[in-house]
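# Summary of structural features
The primary structure of each chain is shown beneath.
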Amino acid sequence: AISYMPKLSSGANIRVAPKHLQCYLKLAELLREDTKDFKESEEMYRAALSVNPSNVDAYNGYSQLLREQGRMEESGRRLQQALAIDANNIISVFNLGVLGL
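Now for a quick tour of the structure. Values in this document were obtained by computation on a predicted structure and should not be read as measured data. (Residues numbered from 1 in each chain as written. Predicted model: local features only at pLDDT ≥ 70, side-chain atom pairs only at ≥ 80, totals over all residues. Heavy atoms only, no water.)

Let us now look at the layout of surface pockets. Volume-wise, the largest pocket comes out at about 210 Å³. Around the largest pocket sit 13 residues that line it, and Glu29, Tyr45, Asp57, Asn60 and Gly61 are the ones nearest its centre. In terms of residue count, the dominant contributor to the lining of the largest pocket is helix H1 (residues 21-35) (6 residues). Here the residues of the lining of the largest pocket sort into 3 nonpolar, 5 polar and 5 charged. (1 Å grid on protein atoms, 1.4 Å probe; cavity = no way out; pocket = protein on both sides within 12 Å on 5 of 7 lines; lining within 4 Å. Points joined across faces, edges and corners; volume = space filled by probe spheres on them. Helix = DSSP H or I, 4+ residues; strand = E, 2+ residues; numbered from the N terminus. Nonpolar A, V, L, I, M, F, W, Y, C, P; charged D, E, K, R; others polar.)

On to helix H2 (residues 38-51). With 14 residues, H2 extends 20 Å from end C-alpha to end C-alpha; this agrees with the ideal 20 Å at 1.5 Å per step. If you follow the buried residues of H2, they end up packed against H1 and helix H3 (56-68). (Expected span 1.5 Å × (residues − 1). Contact = heavy atoms within 4.5 Å.)

Turning next to the pattern of salt bridges. Applying the stated criterion to the full structure yields 5 salt bridges. Here Arg46 and Glu42 are joined by a salt bridge, their closest N and O atoms 2.9 Å apart. Taken as a pair, Arg46 and Glu42 lie in helix H2 at a separation of 4 residues, close to a single helical turn. Across the pair Arg71 and Glu42 runs a salt bridge, and its minimum N-O distance is 3.0 Å. Taken together, the positions of Arg71 in the loop between H3 and helix H4 (72-85) and Glu42 in helix H2 put the pair 29 residues apart, joining distant regions of the chain. Classification of Arg71 by relative accessible area gives partly exposed; the value is 22%. Via salt bridges that share partners, Glu42, Arg46, Arg71 and Glu74 belong to a single interconnected network. (Salt bridge = Lys/Arg side-chain N within 4 Å of Asp/Glu carboxyl O. Buried < 20%, exposed > 50% of the residue type's maximum accessible area, 1.4 Å probe, protein only.)

Function cannot be inferred from these measures alone, as they are strictly geometric.
Below, the structure written as structure tokens:
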């Protein structure tokens, strides 16, 4: 699927319908994992959270992106936000433990 995405470095923009949360999340994940385009990935996570600020998956993914960049404090804050929404989310709890917070 990634081969069908426009090349971001050439200045092309990916457009997603404003209310399609899962599109933002999947694009953020692809950009983070496959292309290591952390800047664009962060924009997609922020867009996802603007659509639904209560989405725990968005906070968890955003936290992982921040952790991969060495932005540990910010990563921890995103996990705390996820846990404020769902205190029993095992992914958030585990990742907070990975951060040692």
